[in-house]
Amino acid sequence: MKRVVLLGGGHAHAYVLRMLIDTPLHDVRLTLVTPYDRHTYSGMLPGLVAGHYAVEDVQIDVAGLAASAGAECLRAEVVGLDAAQRRVQLAGGAALEYDFASLNLGSLPNTTAVPGSDVHALAAKPFERFLEGWNALLARPRAAPLTLALVGAGAAGAELAMAIAYRLESLGREGNLTLYSDRPMFTGALARRVRAALVRNRVRLREPEAVTRLEPDGLVVTRSSRERYDAVVWTAGAAPLPWLRSSGLDTDAAGFVLVDNMLRSVSHPEVFAVGDCATLRDAPHPKSGVYAVRHGDFLARNLRYALARVPLHRYRPQRLALALISCGARWAIADWAGLSAEGAWVWRWKDRLDRHWIRRFRI
Ligand SMILES: Cc1cc2nc3c(=O)[nH]c(=O)nc-3n(C[C@H](O)[C@H](O)[C@H](O)COP(=O)(O)OP(=O)(O)OC[C@H]3O[C@@H](n4cnc5c(N)ncnc54)[C@H](O)[C@@H]3O)c2cc1C
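Re the site of the ligand
Neighbouring residues of the ligand: 30 residues in total, closest His11, Val78, Asn104, Asp276 and Gly289. The contact in question runs from a nitrogen atom of the ligand to an N or O atom on the backbone of Val78, over 2.9 Å. Lys125 places a polar side-chain atom, nitrogen or oxygen, 3.1 Å from an oxygen atom of the ligand. Bound to the protein, the ligand loses 87% of the 990 Å² it would expose on its own. Residue assignment for the shell around the ligand shows that the elements contributing at least two residues are helix H6 (155–170) and helix H8 (289–308).

Some words on the pattern of salt bridges
One side chain can pair with another of opposite charge once the charged atoms of both are near each other. For the structure shown, the criterion picks out 22 salt bridges. Here Arg226 makes a salt bridge to Glu215, at a shortest N to O gap of 3.5 Å. Placement of Arg226 in strand S16 (residues 226–228) and of Glu215 in strand S14 (residues 211–215) is noted, with a sequence separation of eleven residues between them. The exposure class assigned to Arg226 is exposed, which follows from its relative accessible area of 52%. A salt bridge links Asp351 to Arg355; its shortest N-O distance comes to 3.0 Å. In this pair, Asp351 and Arg355 both sit in helix H9 (residues 344–359), four residues apart, roughly one turn of the helix.

The rules behind these values
Along each chain, residue indices are assigned from 1 in the same order as the chain's sequence is written. Where totals are concerned, whole chains, interfaces and linings use all residues; where local detail is concerned, this predicted model gives features only for residues with pLDDT of at least 70, and gives and counts side-chain atom pairs only at 80 or more. In computing side-chain values, all of the structure's heavy atoms are included and hydrogens and water are not. The criterion for a residue being near a molecule or strand is simple. One of its heavy atoms has to lie within 4 Å of it. Polar contacts here mean pairs of N or O atoms no more than 3.5 Å apart (in protein, one a potential hydrogen donor and the other a potential acceptor; neighbouring residues in sequence count only if both atoms are side-chain atoms). Only the protein chains shown count as cover for residues, and all accessible areas are computed by the Shrake-Rupley method using a 1.4 Å probe. Secondary structure elements are taken from DSSP: a helix is a run of H or I of four residues or more, a strand is a run of E of two residues or more, and numbering for both begins at the N terminus. Every case where a carboxyl oxygen of Asp or Glu lies within 4 Å of a side-chain nitrogen of Lys or Arg is listed as a salt bridge. Buried means the residue's accessible area, taken with a 1.4 Å probe over protein chains only, is under 20% of the maximum for its type, while exposed means over 50%, and partly exposed covers the values in between.

Any link to function would need more than the numbers given here.
This is how it looks when you write it as structure tokens:
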């Protein structure tokens with residue numbers, strides 16, 4: 001019997017488990033390792049923060065999916081992998097051996113370049129910890145306006161800033177939000193739309209303004225200013241889990257697992273890696289949930305083919321991806337290859353797509 005371990009319950013593994021419920025694998029001992037029973041869907045997280053969704057609306061019960069797929073679910077954090085020995089190290093000391101492993105572990109906001117950002121900021125990921133921090137901020141006494149800085153004005157930072165601003169306003173709380181970015185993240189019409197949406201939500205955009213240091217008690221230091229906030233939310237960049245570099249798997253310069261076009265490690269073909277934690281060696285693409293979802297479909301098939309020892313499918317990433325950016329209220333911006341539109345109808349469209357996607361995992 002082959003031992004297959006799925007490490008992390010991200011978008012792609014949720015999809016694999018869903019597929020396995022309908023078409024089980026035979027003669028395989030399947031184990032999912034996840035620190036949390038439920039996976040939070042990133043596309044709906046800003047909507048959760050804004051108050052449009054309840055937490056159950058935006059989560060996938062990966063532990064339940066694993067049980068229905070006949071897999072064992074270990075609630076644990078992976079802290080290391082020895083690719084040469086085919087062994088996974090779990091927090092607490094336990095180890096797992098495998099014949100095939102698949103990594104869908106996501107990424108973390110990049111706090112390596114800015115001193116203090118790893119200790120003095122609330123990182124947007126893992127979402128579970130971010131939500132704890134956000135709920136603690138909401139529970140603070142209302143005496144004074146809540147002042148928040150967000151660092152990283154990509155889609156995630158902009159959406160989160162507007163979601164927070166909207167939530168505070170709908171709770172009747174005074175807020176003061178500043179979004180820092182070291183460089184413009186959007187161009188053309190999309191940039192104009194995002195800027196206008198930030199203004200409507202009363203989010204102050206500091207761009208280009210590189211944060212050079214964070215100090216205790218919410219002090220944000222740039223080359224030209226020192227400003228104090230109640231809290232700093234870090235959304236900038238995507239960094240790999242640090243132990244991937246010492247796993248023996250080939251990684252790219254940043255430390256993400258390098259995979260071939262069948263989503264297998266280029267150095268250890270019995271290891272698959274998908275979503276944010278992987279970089280496609282021959283066709284690198286942005287790290288976003290859109291690609292992680294696409295990987296799930298290929299992974300489900302290739303895992304089955306690898307076990308059956310038949311040729312694997314080649315994955316070719318889509319060249320363009322639709323961006324849907326929610327803007328606090330039930331309003332969103334859509335962008336496809338430089339063509340953009342916005343409105344309440346875009347939000348309803350995004351909401352329908354997101355709800356439809358997450359419904360597939362209800363069991
Ligand atoms: C605020 C925000 C909003 C975003 N909105 C969008 C959006 O609208 N559209 C979009 O395409 N992208 C969005 N992104 C980007 C998106 O979050 C990622 O690209 C996407 O989540 C990657 O999916 P994944 O399955 O690879 O990883 P993840 O979704 O991060 O899942 C990884 C899983 O691995 C688990 N895990 C992590 N470490 C370990 C460990 N050591 N051991 C075991 N398990 C572990 C985690 O618990 C998690 O369940 C957003 C990001 C942020 C921060």
